[in-house]
Every structure is written in C-alpha cells, then in structure tokens.
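Residues per chain, in single letters:
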Amino acid sequence: MRQVVDASVVLAFLLNEPGGDILVRDEGPFLLSTVTLAEILTKVIERELSADDVTLVLRRLPIQYIDHDRDDARRAADLRPLTIALGRSLGDRICLALAQRFDIPVLTADHAWAQLDIGIDVRLIR
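Residues numbered from 1 in each chain as written. Predicted model: local features only at pLDDT ≥ 70, side-chain atom pairs only at ≥ 80, totals over all residues. Heavy atoms only, no water.

**Describing the overall build of the chain**
The following threshold applies: Comment: elements are numbered from the N terminus, with helices defined as DSSP H or I runs of at least four residues and strands as E runs of at least two. Using a 1.4 Å probe on the protein chains alone, a residue whose accessible area is under 20% of its type maximum counts as buried, one over 50% counts as exposed, and one in between counts as partly exposed. The contact criterion used throughout is that any non-hydrogen atoms of two residues lie within 4.5 Å. Accessible areas in this description were obtained via Shrake-Rupley with a 1.4 Å probe; residue shielding takes into account the shown protein chains only. Positive charges come from Lys and Arg, negative ones from Asp and Glu, while His and the chain ends are left out of the count. Charge placement uses NZ in Lys and CZ in Arg. For Asp and Glu, CG and CD serve respectively.
For the chain, the count of helices and strands is 6 helices and 5 strands. In the chain, the succession of helices and strands from N to C terminus is β-α-α-β-α-α-β-α-α-β-β. Along the longest, intermediate and shortest principal axes, the C-alpha atoms of the chain span 35 × 25 × 25 Å. Taking all 126 residues of the chain together, 44% fall into the buried category. The long-range fraction of contacts in the chain, counting pairs at least 24 apart against all pairs at least 6 apart in sequence, stands at 65%. When the accessible surface of the chain is summed, it comes to about 6800 Å², and 49% of that surface belongs to carbon and sulfur atoms. Distance between charge centres in the chain, computed from 15 positive and 20 negative side chains, equals 2 Å.

**A look at the packing of helix H1 (residues 7-14) against helix H4 (residues 51-59)**
To keep things clear, this is the line we draw: Here the axes come from fitting lines to C-alpha atoms, over the contacting stretch only for helices, and the angles between their N-to-C directions go from 0 to 180 degrees. Relative orientations are named as follows: roughly parallel for angles under 35 degrees, roughly antiparallel for angles over 145 degrees, roughly perpendicular for angles from 65 to 115 degrees, and oblique for any other angle. Under the scheme applied, nonpolar residues are Ala, Val, Leu, Ile, Met, Phe, Trp, Tyr, Cys and Pro; charged residues are Asp, Glu, Lys and Arg; polar residues are all the others, including Gly.
It is the contact of H1 with H4, at a shortest axis distance of 12 Å, that shows an interaxial angle of 100 degrees. Judged on the interaxial angle alone, H4 and H1 are roughly perpendicular. Taking contact as the criterion, the partners of Val10, Phe13 and Leu14 in H1 are, on H4, Val54, Val57 and Leu58. In terms of residue class, the contact of H1 with H4 is built from 6 nonpolar, no polar and no charged.

**A word on unusual backbone geometry**
In terms of backbone geometry, most residues other than glycine have negative phi values and most peptide bonds are trans. For the bond from Gly28 to Pro29, the omega torsion is 5 degrees, close enough to zero to count as cis. Positive phi outside glycine occurs at Glu48, with the angle close to 60 degrees. Within the element layout of this structure, Glu48 appears in the loop between helix H3 (34-46) and H4. With a relative accessible area of 74%, Glu48 lands in the exposed category. The backbone of Asp103 sits at a positive phi, close to 55 degrees, despite the residue not being glycine. One can find Asp103 in the loop between helix H6 (90-102) and strand S4 (106-108).

**A look at the pairing of strand S2 (residues 30-33)**
As a reminder of what qualifies: Two strands pair under a simple rule: DSSP has to find at least two bridges between them.
Judged by which residues are buried, S2 turns out to be covered on both faces: Phe30 and Leu32 on one side and Leu31 and Ser33 on the other are all buried. By the bridge criterion, 2 bridges tie strand S1 (residues 3-5) to S2 in an arrangement that is parallel. Across the sheet, the residue bridging to Val4 is Leu31, located in S2. Of the strand pairs in this sheet, S2 and strand S3 (residues 63-66) are connected by 4 bridges, and their pairing is parallel. The residue bridging Leu32 from the neighbouring strand is Tyr65, located in S3.

**Quick word on the nonpolar core**
For clarity, the threshold we go by: For this analysis, a nonpolar core means a set of buried residues of the types Ala, Val, Leu, Ile, Met, Phe, Trp, Tyr and Cys, connected via side-chain atoms within 4.5 Å.
Counting residues in each nonpolar core, the largest one holds 22 residues, and the members touching the most others are Val5 and Leu23. Within the residue set of this core, elements represented by two or more residues are H1, helix H2 (22-25), S2, H3 and H4. A total of 5 residues in this core trace back to one element, the largest contributor, which is H1. Residues contacting Leu23, with those up to four places away along its chain left out, are Val5, Val9, Val10, Phe13, Phe30, Leu61 and Pro62. Membership of the second largest hydrophobic core comes to 18 residues, among which are Leu116, Ile118, Ile120 and Val122.

What follows is the structure, encoded as structure tokens:
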C-alpha cells in the first residue's frame, strides 16, 4: 500500500529505532518528497554519518522519490493556519502536502501529528 513517510520514519530506520523497520516489513512503495530527503541527509551529516552511505542504503528500500512542485508549495502553505497551533514545521507541512496530493496515508513517529484534524490519514509507527 502506498504511503508517504516523513523524515522521522526514515531516520528511525537508519538509526535502528523502534518502528523504523516498517520500511523493510511493508512492501511499500513509500513516497518521500525530495525536500524531505534533503532534511534526512542534513540530519545524517549533523550526526557525522556519511550521506553517500545513507543514500546507498535508501536505494535498497521501496522508496519512490517525488519532486516538490508549485502545487505542493501551495498545499504546504495552505496547511500553515491548520497546523500552526501544533507548531508544525515547513518540513512537516511538505510531507503532509504530499499525502494530501496523492490522498494516501502518511507515516510518522511524531505523536503530535496524531492530533491534526486536517483530513489526512496520519499513522504512527510507534
């Protein structure tokens, strides 16, 4: 089943944290915004891990990379007033906008997302 994944899911997999194994347990495909990929690689570099090694690991997973376009930018912007009370970041809204575009569930490890009432099926990995 197609689902969008946010950075927390991929990082949970890479760091061997609870719930991250969904990326190998489920056949996917998992949709990941290229903007979210930049966020993931930034976090990896901050932890002094190799972005090249991580990129190789991610290639083996059933991840489909989706380019962020103008319509996605508008959707992310339109989500701001609906998510501001929960402090959702631009990266969060980009991920949510992708789920909105394809009308599919979004996976996250961020429990605050479960409080969102914006018509997007949010599923927690832990």
